[in-house]
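# Topology and contacts: notes
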Amino acid sequence: MIHAQAQQKIQVTIVNQQKNPVAGAKIKVLSSGKKNITNARGEAEVVLNNTDSIAVSAEYYLAKRIAVNPKNGKIAVVLAAPKPWENTIELPWMSQSTKYSTAAVSAVHGALLAKNPEPNSSNLLGGNLAGLITRQNSSEPGYDGSVFNIRGFNSYNSLSPMTYVDGIERDIQQIDPLELETVTILKDNAANGAFGIRGSGRSIMATTKRGVANTHEVSFVAQTGIQYAGASPDFLGAQQYMQLYNEGAVNDGLPAKYSQTQIDAYNNAGRDQMLYPDVNWNTEMLKKTTSQSRYNLMFRGGTNDFRYYVMMGYLNQGGIFKNGDVNKDQFGFSNNIDFKRYNFRTNLDFQATEKLLVSLDLSGRLEDRNYPGTGTATIFNAISTAPGNEYPVRYPDGKIGGTSQFQNNPYALLTSTGYATEFRRNFLGTIKLKHDLDMITPGLSLNGAFAFDNYFYTNGGRDKTYAVYQQQADGTFKSFGTESLLTVTPRANSQDRQTTFYANLAYQREFGEHRLEGFLNYNQSYQNGNGFDFPYASQGFASRLSYVFNQRYIAEFNGSYSGSENLPAGKRFGFFPTFSAGWIVSEEAFMKNQDFINYLKIRGSFGYTGNADITGVGTQRFLFQNYYTGGSNYVFGNNSAPLGGRTQARLANPDVTWETLRQANVGFDLYFLKERFKLSLDVFKEKRTDILTTPIISGTMGIATAPYNQGIVDNKGIDGELSYRYEKNKIGFSIALLGSFTENKLVFNNEVYRPYDYLKRTGMPTGSAFGMVSQGFYTAEEATRINNELSVPAANKTIALPMFGTVKPGDMKYKDLNGDNLIDVYDQTYLGSSLPKYFYGIRGGFRYGNLDLSFLFQGAAGGVVDIRNVSTQGFQNSAKPSTFVLNRWTPETAGTANFPRLSVVNNGLNYQTSDFWIYKSDYFKLKNVEIGFSTPIRNKGKVVIEKVRFFVNGSNLFIVDKLPVKWMDPEMSAAGIGNYPRMRIINTGAQFTF
Amino acid sequence: MDGIIRNRWFTTPAYPLIFNQKVMKLKIHQIFIVFLLGLGATGCQKEFLAPPPNNVTTTDSTVFSNELQSRQYLANIYASMPSNQLNRNNGQLADGCFESEQGIQWSPFQVYNVNAYNGGAGNVDNAYGTYYTMIRKCNIFNKNEKYMTFTPANAAFFKAENRFLRAFAYFELLKRYGGVPIIDSVWIYDAEDIKPEFGQELKRSSFDATVKFIVKDLDYAIANLPWIWSNANTDFGRACKSAAMAMKSRLLLYAASPLFNANQPHLSDANCPDSLFKYPTYDVQRWKVAMDAAKAFIDANTTEALKYQLYSNYGDMFLNVKGNANNKEVIFSHANQVAGPSQSNPTLNLVDMYDMVNGKPITDATSGYNEQDPYKNRDPRLLQTILTNGVAWAGRTFEPFINGGQDYNGDRTITGMLQKKYVGATAQNQGAARFIFYRLAELYLNYAEAQNEYEGGPNANAYTYVNLVRARAGMPVFPAGLNKADFAARLKKERILEFAFEETNLFDERRWLMAETLDAGNFYGFKINKNTNGTFTYTRSIFEKRSFMKRFYLYPIPETEIFKSPNLKQNPGWF
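Criteria and cut-off values
Residues numbered from 1 in each chain as written. Chains lettered and ligands numbered in written order. Predicted model: local features only at pLDDT ≥ 70, side-chain atom pairs only at ≥ 80, totals over all residues. Heavy atoms only, no water. Helix = DSSP H or I, 4+ residues; strand = E, 2+ residues; numbered from the N terminus. Rg over C-alpha atoms; globule rule 2.2 N^0.38 Å. Buried < 20%, exposed > 50% of the residue type's maximum accessible area, 1.4 Å probe, protein only. Contact = heavy atoms within 4.5 Å. Areas by Shrake-Rupley, 256 points an atom, 1.4 Å probe, with all protein chains shown as cover. Lys, Arg positive; Asp, Glu negative; His and termini not counted. Charge placed at Lys NZ, Arg CZ, Asp CG, Glu CD. Axes fitted to C-alpha atoms, helices over the stretch in contact; angles between N-to-C directions. Parallel < 35°, antiparallel > 145°, perpendicular 65-115°, else oblique. Left-handed = near helix turned anticlockwise from the far one by under 90°. Nonpolar A, V, L, I, M, F, W, Y, C, P; charged D, E, K, R; others polar. Patch = residues over 30% accessible without salt bridge, like charges linked within 9 Å, V, L, I, M, F, W, Y side chains within 5 Å. Salt bridge = Lys/Arg side-chain N within 4 Å of Asp/Glu carboxyl O. Pairing = 2+ DSSP bridges. Buried area = accessible area lost by both parts, 1.4 Å probe. Polar contact = N/O pair within 3.5 Å; in protein donor to acceptor, adjacent residues only side chain to side chain. Expected span 1.5 Å × (residues − 1). Phe/Tyr/Trp six-rings, centres within 6.5 Å; stacked < 30°, edge-to-face > 60°. Core = buried A, V, L, I, M, F, W, Y, C linked by side-chain atoms within 4.5 Å. pLDDT = per-residue confidence, 0-100.

This brings us to the overall build of chain A. Of the regular secondary structure elements, chain A holds nine helices and 51 strands. The C-alpha atoms of chain A give a radius of gyration of 33 Å, which matches the 30 Å a tight globule of 994 residues would have. Its C-alpha atoms give chain A principal-axis dimensions of about 105 × 65 × 65 Å. For chain A, with 994 residues in total, the buried portion stands at 58%. Look at the contacts in chain A between residues 6 or more apart in sequence, and 70% of them connect residues 24 or more apart. Accessible area of chain A: about 38,800 Å², with a carbon and sulfur share of 56%. On chain A, the mean spot of the 99 positive side-chain charges and the mean spot of the 85 negative ones are 6 Å from each other.

Of regular secondary structure, chain B possesses 21 helices and twelve strands. When burial is assessed residue by residue, chain B has 56% of its 575 residues classed as buried. Within chain B, contacts between residues at least 6 apart in sequence are counted, and of these 72% link residues at least 24 apart. A total accessible area of about 21,500 Å² is found for chain B, and carbon and sulfur atoms account for 54% of it.

Let us look at the packing of helix 7 (residues 152–177) of chain B against helix 10 (residues 241–255) of chain B. Residue and element names in this part refer to chain B. Packing of helix 7 against helix 10 leaves a shortest axis separation of 11 Å and a crossing angle of 20°. Relative to helix 10, the element helix 7 lies roughly parallel. Two packed elements cross with a definite hand, and for helix 7 against helix 10 that hand is left-handed. Contacts from Phe164, Ala167, Phe168, Phe171, Leu174 and Lys175 in helix 7 reach Ala243, Ala244, Met247, Arg250, Leu251 and Tyr254 in helix 10. Taken together, the residues of the contact of helix 7 with helix 10 break down into ten nonpolar, no polar and two charged.

Residue and element names in this part refer to chain A. A contiguous nonpolar patch, built from Ile731, Phe733, Ile735, Phe846, Tyr848, Leu851, Leu853, Ile931, Phe933 and Phe950 and spanning about 860 Å² of accessible area, is present on the exposed surface. Going through the elements one at a time, strand 38 (731–748), strand 45 (838–848), strand 46 (851–861) and strand 49 (923–936) are the ones with two or more residues in the nonpolar patch. The element contributing the most residues to the nonpolar patch is strand 38, with three residues. As for its position among the elements, phenylalanine 846 is in strand 45.

Once that is clear, we can look at the sheet that holds strand 10 (residues 105–109) of chain A. All names here are of chain A. On the basis of which strands lie adjacent, the open sheet formed by five strands has the order 10-15-16-13-14 and mixed pairing. A strand with exactly one partner marks an edge of an open sheet, and here the two such strands are strand 10 and strand 14 (168–169). As paired elements, strand 15 (residues 180–186) and strand 16 (residues 203–208) share six bridges and run antiparallel to each other. Bridging from a neighbouring strand, threonine 182 pairs with threonine 207 of strand 16.

Turning next to the interface of chain B and chain A. At the junction of the two partners, chain B supplies 102 residues and chain A supplies 115 residues. Between chain B and chain A, the buried area comes to about 9,700 Å², and carbon and sulfur atoms account for 64% of it. Taken together, the connections running from chain B to chain A amount to 15 residue pairs in polar contact (both at pLDDT 80 or more). Residue composition of the side of chain B that touches chain A, by class: 55 nonpolar, 29 polar and 18 charged.

Each regular strand shows side chains that alternate between the opposite faces of the sheet. All names here are of chain B. Bridge analysis of strand 11 (residues 521–530) against strand 12 (residues 536–546) gives ten bridges, and the strand direction is antiparallel. Directly across from asparagine 529, in strand 12, lies its bridge partner threonine 537. Linking two consecutive strands that pair antiparallel, namely strand 11 and strand 12, is a turn of five residues; a positive phi of about 95° is found at glycine 534 within it.

Before going further, it helps to spend a moment on helix 16 (residues 440–455) of chain B. Over its 16 residues, helix 16 of chain B extends 23 Å from the first C-alpha to the last, a length consistent with the 22 Å expected when each residue adds 1.5 Å. A positive phi of about 75° marks B:Gly456, the residue just after helix 16 of chain B.

All names here are of chain A. Reading across the sheet, the three strands line up as 4-1-7 and stay open at both edges, with mixed pairing between neighbours. Looking at which strands have only one partner, the edges of the open sheet turn out to be strand 4 (43–48) and strand 7 (74–79). Sheet twist, expressed as the average angle between the axes of neighbouring strands with direction ignored, equals 35°.

Another point: the packing of aromatic side chains. Residues and elements named next belong to chain B. For the coordinates displayed, the defined rule picks out 95 aromatic pairs over all chains. On the basis of an interplanar angle of 75° and a centroid distance of 5.2 Å, the ring pair of tyrosine 170 and phenylalanine 213 is categorised as edge-to-face. With tyrosine 170 in helix 7 and phenylalanine 213 in helix 8 (residues 207–224), the pair connects residues that are 43 residues apart, well separated along the chain. The class of phenylalanine 213 is buried, set by a relative accessible area of 12%. Seen from their ring centres, phenylalanine 318 and tyrosine 422 are 5.3 Å apart, and the 65° between their planes marks the pair as edge-to-face. Of this pair, phenylalanine 318 sits in the loop between helix 12 (314–317) and strand 2 (330–337) while tyrosine 422 sits in the loop between strand 7 (418–419) and strand 8 (423–424), and the two are 104 residues apart along the sequence. Judged on exposure class, the residue phenylalanine 318 and its partner tyrosine 422 are both buried.

All names here are of chain B. The contact between helix 10 and helix 16 brings their axes to 10 Å, and the two run at 35°. For the element pair helix 10 and helix 16, the recorded crossing hand is left-handed. When helix 10 is examined against helix 16, the residues Ala246, Ser249, Arg250 and Leu253 are found in contact with a partner set consisting of Glu442, Leu443, Asn446, Glu449 and Ala450. Taken together, the residues that form the contact of helix 10 with helix 16 break down as four nonpolar, two polar and three charged.

Residue and element names in this part refer to chain B. Between the first and last C-alpha of helix 8 there are 26 Å, a value that for 18 residues agrees with the 26 Å anticipated at 1.5 Å per step. Inspection of helix 8 places Phe207, Thr210, Val211, Phe213, Ile214, Val215, Asp217, Leu218, Ala221 and Ile222 among the buried residues, and these make up the whole buried set. Those residues of helix 8 that are buried are in contact with helix 7 and helix 10.

Residues and elements named next belong to chain A. Looking at where threonine 660 falls in the secondary structure, it is placed in strand 35 (residues 659–672). Owing to a relative accessible area of 13%, threonine 660 belongs among the buried residues under this scheme. Every residue in contact with threonine 660, bar those within four places of it in the chain, is listed here: Tyr608, Thr609, Lys687, Arg688, Thr689 and Asp690.

It is worth spelling out the environment of A:Gly270 at this point. For A:Gly270, the location among the structural elements is in the loop between helix 4 (260–264) and helix 5 (281–285). With 16 residues separating them in the primary sequence, A:Gly270 and A:Leu254 have C-alpha atoms 32 Å apart.

What follows covers the nonpolar core. One finds B:Phe164 and B:Phe332 to be the most contacted residues of the largest nonpolar core, which totals 209 residues. No other element matches helix 7 of chain B, which puts 13 residues into this core. When sequence neighbours within four positions are dropped, the list of residues in contact with B:Phe164 reads B:Leu218, B:Ala221, B:Ala239, B:Ala243, B:Ala244, B:Met247 and B:Phe332. Formed by 26 residues, the second largest nonpolar core is a distinct cluster that contains A:Ile337, A:Val393, A:Phe480 and A:Tyr980.

What follows covers the pattern of salt bridges. Residue and element names in this part refer to chain A. In this structure the tally under the stated criterion is 89 salt bridges over all chains. The residue glutamate 390 makes a salt bridge to lysine 257 at a minimum N-O spacing of 3.6 Å. In this pair, glutamate 390 sits in the loop between helix 7 (376–385) and helix 8 (410–415) while lysine 257 sits in the loop between helix 3 (238–251) and helix 4, placing the two residues 133 residues apart along the sequence. Glutamate 781 is the salt-bridge partner of arginine 785, the closest N and O atoms lying 2.8 Å from each other.

Another point: the confidence of the model for chain B. Regions with low pLDDT carry predicted coordinates that are not meant to be interpreted in detail. Residue and element names in this part refer to chain B. Per-chain confidence: chain B averages 84 in pLDDT, with 82% of residues scoring 70 or above. Low pLDDT, under 50, characterises residues 1–26; the stretch is placed with 60 contacts to residues that sit more than four places away or in other chains. Between residues 193–197, whose pLDDT stays under 50, and residues either more than four places distant or in other chains, the model counts eight contacts. Scored by ipTM, the complex comes to 0.86, with pTM at 0.85.

Moving on, we come to a positive patch on the surface. All names here are of chain A. A cluster of basic side chains, namely Arg662, Lys685, Lys716 and Lys745, defines a positive patch on the protein surface. Here lysine 745 shows up in strand 38. Accessibility expressed as a relative area gives 41% for lysine 745, which makes it partly exposed.

Glancing now at the pairing of strand 46 of chain A. Residue and element names in this part refer to chain A. Sheet analysis places strand 45 next to strand 46, joined by eleven bridges and oriented antiparallel. Counterpart to glycine 845 in the pairing with strand 46 is serine 854. Strand direction decides the pairing type here: strand 46 and strand 49, joined by ten bridges, are antiparallel. The residue of strand 49 that forms the bridge with phenylalanine 855 is valine 929.

Take a look at the structure:
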């Protein structure tokens, strides 16, 4: 039975603090549950009872609930945007209020990341976070993740940042970008301190979206994109290949391989293509484009007591190979790469009791991957080395071409070696509880989490071998290799798991001018990886204590007492303290009478974190343990089986301990000119000591030792962000510059004996490239002189003798740096650092009415890259020449050549690491652009769609670099040559909000 | 555009309760219990961070109190002996002397040949680290003998085999470096010593002391091992008394030779006391000791029940290294097969040393030598050792000729020849045999050399033994009545050819102080052209000019080791 109540229709206008209307704000009538959305003027009509309340919410504004007296007939609601410093940041174990935080962090909103169509979330971050350095090593679907580094390298052992999702150590690569709420990088020890023994690699904290009270939103995003393969090397055609091969053979003193008749045959376009093929393997094997598509359905909303975020996502990425479906009809499998990902997430928060908030996050991921039976890198290497003149792809009857020397027909590797599948089934769950303990003392609460992650992997597929055929002069065929039937590949499974538990006793309270905030934490995690590996366990206590006086003077302590089982019993736990301080200058009285600076905080930190993840050092775990292991076997007797060996393993380091990172950081956060400008800058200096390092020991010891904690690396740098943001009526504009400069120095690593200072790695950046200094090419006279003086003692030579093989005219000449008349490993010097010193992004956005545009440029500078590979080295390592070698040395071109003489046998002299091959790896690229158009749809009749947004976006759109060949990407130098090509994506989509 | 980060824990507003009363009754202490259970679950585990797994906790006593594991440990020491004669560190010892030249690429030994060895860049065959690794293994075994309470007879044999292997490793060092640091205990590493000065106290022992140390280990092995392991099917390859006696014979022969047994050093160096690499003065008695050691072996071989005999077919011997039922010449060999293709190109300088089968050198106008058919009627060992043009091998004919020969490019022979000894015929250039360290023929030649030097001329036994070796090869006997010098010269050539590619020539040319003549000057190979009528034209061509510096007589201690242990004196001429 429904009571008829007095109802009245009124108009509500929603404006922001600048009195501008807020379009798209949601108004919900609490009595009836009915809702409406404001139009472009910020207006909406609602029907209210006599005494009623409305809840108003809008993106980027603080939600508001007000009681309404409908008698007025018309009301205006002002929505306040939170000040940029009035939020919280993700820190170890517990978030903290940004305003009073002393940590150096950089954060980015998930909505910005999702503007990039790259499906792998790790590829979205580069250029978006000041201090984060990324490198993507491959574009192959499913294996296209970026590696991260924060603030440069402070170790010569590999050490990557830890990644956490919602506070639990998890990978972020295959998280759907639309799930991400924020990504924060923790840069200094004030930020990482509570991670203690796991904190010094620094951390990336991602959070996922959660429900919002008093809203209900359903949205569906469909997008489809085209991936364009990056440029392929310009390999020479068949005729030129043969001419150059002959030239190289003659240079090596060998007979020419191809007859002039053979070469001339190619002048005739109507020649027999089977006998005189000219295969361009790149176009033969690779499509220009492939497709990807994504669909996401999201539900987000809730009440005050129950909030939810539910997301389902589907991704499909296709592979770049042509002829991937040739086995489809007969055998039912594809040879192409195919990656399907199904993500789901359910984040629930509910108020179980007045004081108990329960969160249950369940997320999962299914990945179905299909690959050719031969590894992608092997196929690409075959494409990049297969000569075009030796055999046709296939003969008219379908026989695969090949010769006894060339059996790696790329087409056969793709289509005739079976296929491989991978299935991943990952299920991750977290339960979090938060209980107010006001009854004990106000401001006290207890919260904690238990997480269980399960990673299941299995693979399968079928294997096959094939034969290649060579047509003989008489028209018959000769075959090489054996054709086999498809056989089932033995299946491999693994089930990795991780359980994490932590509990925080937290306290936050203000007493007059004093503000206290902090927590005490216990945490443990247990990872069982790779099936049978001995589990990895870590355990610790952590604490943060922050004291603020008079809202402006901050003193903070972060610390951890934590341990790792990689260390010997009794020496497993260490204490890692960090002290930090802040001064909110803008709160001072003398700042009150100005409106230029809105917020200014100066902060500094100094402290210690550790690293006991010693498994990346190339040795085993448990370095403190001496033991015996299997060794080379030996056969006794005429016909006996080998007797297994037994030998002492490397000597233990009984005192192995954690590496320590000592770091000082000074920075400030400044908002000025109506908060439109933001400037954050951090300067840091740090020293990592006790880096695990192989000691120098006498060869008479007769055994290697475990690494000892001896190494030292200094690192320093600057990172910061300057941004500007303008919003008025229909126009919005923003631009941000983010960047970092880092420089490190190897202080001590037990460097091996180097007789000359210029050979020494100590004092140089880690990751330095050392090589020869090239000086053009040997003339015929010089080569003769060298060879005539072979038996002359070095001191009496008139020209230095290279120790890398016999010298011929046109070979690369190197500088004899030590002047001993021998060119050898003692003549290698510093040629640059492989790690870029500068890494930056320029991010911008523009909105006019319903139209929006955003872009991200990203760049790196100050590093070098070695361009040696099969596309630049002529015939070296059985490769084929590209246009890069065209201006090679010949007796005629000796004066102008910029490439050494060609050689068809491996040349030990010309391909030494030298400055000839080392180029600056600087690049500047348009990482992504998005253009969108939104149209609100009036809610009339049966149309339930509230808003539609159409968008077009793209990634990797253009790149400027300093490499001499246009087909090489300085970030990913093997892409498209020895590995999957770099993909450019153009993507279109629509988002429907209901 | 700043990210708005929602506060999850601190700013939760006090929401009205909408759940039913049952939930409301959940009391605070119940919530605590949930958390305490969580904590307790972990607290109950006595140690959350667990001790390491037992595959990394094996100790000395677990290994050496177990007979099988001790045997496996010993097997691993055997496996430390150099096995890959065809590709030792990308080259052969043969490439470091006049025997051959590395074809495919520059081998580490090439630094000797082109006079470019600067002592640091190349550690040639990695001997220093390799053999100290083996010595450490022996010392560990030695130290843990106290745990070997299993079958006493076996334990005694193991101990003696271990001593033999330690002697083996030290002898490899001695013949390269002279006296070396003698380490007979297990060194531990003290982290406090981590500085360039590490090993300050490390010093080389004198040549004399090093020889004595090796002899002591060998005498222990001789006293405690059987002459020959009677069951070849299970024990062939194990060290035995005869192997220890053979090694002792070679060791004492080397020690008596001019490089070590002389009044004047081959090269004086103020930084290196002579006693580190040679005896202080010449003593003819050392030849007697060497002669006696060889004779002791030969005599024992006549009295023991199981006897060594020269294998009838020289060429087959190296592909048929088995227990003495099959091949009675092999005394000690490496059990693992020689692997990898031969990349060594025999030099014409070596080939020219093979006489005609009539016993005349090819330089003799009456010898019948024809350079255009150079392999005809030569010492049969030539074709059994070296693969030459036109020889059927591995299912086809070897074709190293320039104009169209299949192997000219493919196998990259720059001398027109490849090594055949030890290389199995089953696959092109593929090694297929065990490498022989000691065989009976050497003991005969050891005796003859030492006897001739000691007594100033050959006796009847010396003739007998040398002629046994020559007869087996198919060569005429040495002419009677040779004086000491002539006999020595012929014997040296005999030794070079008999043991070509058996890793002795590099050391023999050095201990005889003959490397300056044998390993210097023009080095020749054949350039072969096939004529239209099917015959071949052989052209002698220089592929390399070599010189041999006096400092090459001994390897340099690796520069990095001197850096770590500055009191380790470098060999003369090196820096």
